[in-house]
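A closer look at the structure
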Amino acid sequence: MLPPPLHRRLYRLAHWARKQVWRLWRPSLDGVRVLAIDAEGRVLLVRHSYGSDKWMPPGGGLNRAEEPVSAARRELLEETGCRLADARLLTIATEDLVGASNHVHVVAGRTDDRPRVDGREIVEARFFALDDLPERMAARLPAELRQWLADYEG
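For the structure given in this document, a descriptive report is provided here.

Rules behind the numbers
Residues numbered from 1 in each chain as written. Predicted model: local features only at pLDDT ≥ 70, side-chain atom pairs only at ≥ 80, totals over all residues. Heavy atoms only, no water. Helix = DSSP H or I, 4+ residues; strand = E, 2+ residues; numbered from the N terminus. Expected span 1.5 Å × (residues − 1). Contact = heavy atoms within 4.5 Å. Core = buried A, V, L, I, M, F, W, Y, C linked by side-chain atoms within 4.5 Å. Buried < 20%, exposed > 50% of the residue type's maximum accessible area, 1.4 Å probe, protein only. Phe/Tyr/Trp six-rings, centres within 6.5 Å; stacked < 30°, edge-to-face > 60°.

Okay, helix 3 (residues 141-153) next. In this model helix 3 runs 18 Å from its N-terminal to its C-terminal C-alpha over 13 residues, within 8% of the 18 Å that 1.5 Å per residue would give. Buried residues in helix 3 make contact with strand 1 (28-37), strand 2 (43-48), strand 4 (85-97) and strand 5 (100-110).

Another point: the nonpolar core. Counting 17 residues, the largest nonpolar core has V32, L44, A72, L76, L84 and V107 as its most contacted members. Of all the elements in the fold, those that place two or more residues in this core are strand 1, strand 2, helix 2 (68-80) and strand 6 (122-128). Among the elements that line this core, the one with the most residues is helix 2, at four residues. Leaving out residues up to four positions away in the same chain, V107 has contacts with V32, R33, V34, L35, P68, V69, A72, L84, A87, R88 and L89. Listed in part, the 16 residues of the second largest apolar core include F128, M137, L145 and W148.

With that settled, consider the packing of aromatic side chains. Under the criterion given, the structure shown has two aromatic pairs. Where Y11 meets Y50, the ring centres are 5.5 Å apart and the plane angle is 20°; that geometry is what we call stacked. With Y11 in helix 1 (residues 4-25) and Y50 in the loop between strand 2 and strand 3 (59-61), this pair connects stretches of sequence that are 39 residues apart. Residue classification places Y50 among the buried residues on the basis of a relative accessible area of 13%.

In this section: the side chain of E75. When you line up the elements, E75 lands in helix 2. Overall, E75 belongs to the buried group, its relative accessible area being 7%. For E75, the contacting residues outside a window of four places in its chain are V32, G59, G60 and G61.

Below, the structure written as structure tokens:
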């Protein structure tokens, strides 16, 4: 394996190249965003080694013919080492992602695991209470998290 600092540099380079392609081709993407909730009702957020340094839920792209709940379980395990139980699809949101149309499948579930990051793609992962979310987040995300978690619990 590559040393983590080199791996992080390559992630940043690949992310930059991917954004250039998206700007030109404007593809339609399918992704998943994972709301992993612990026993205390806190939500797991991560910071990536590339792109924005803001906190966000774990997630990624859906593979061809992959179901959103399966993708959520896979992405959460890959990025944090956590397993997802009682998972279900809450909604599909469409957002612009550097010119690409990104159809984000929001999946929520529970985890009893503690996050572990490899310092390559993900540099930090922590659980946060909804009334104590980090400041470095997309402006709309706190309200979305509250709504999504209310939908999951309801």
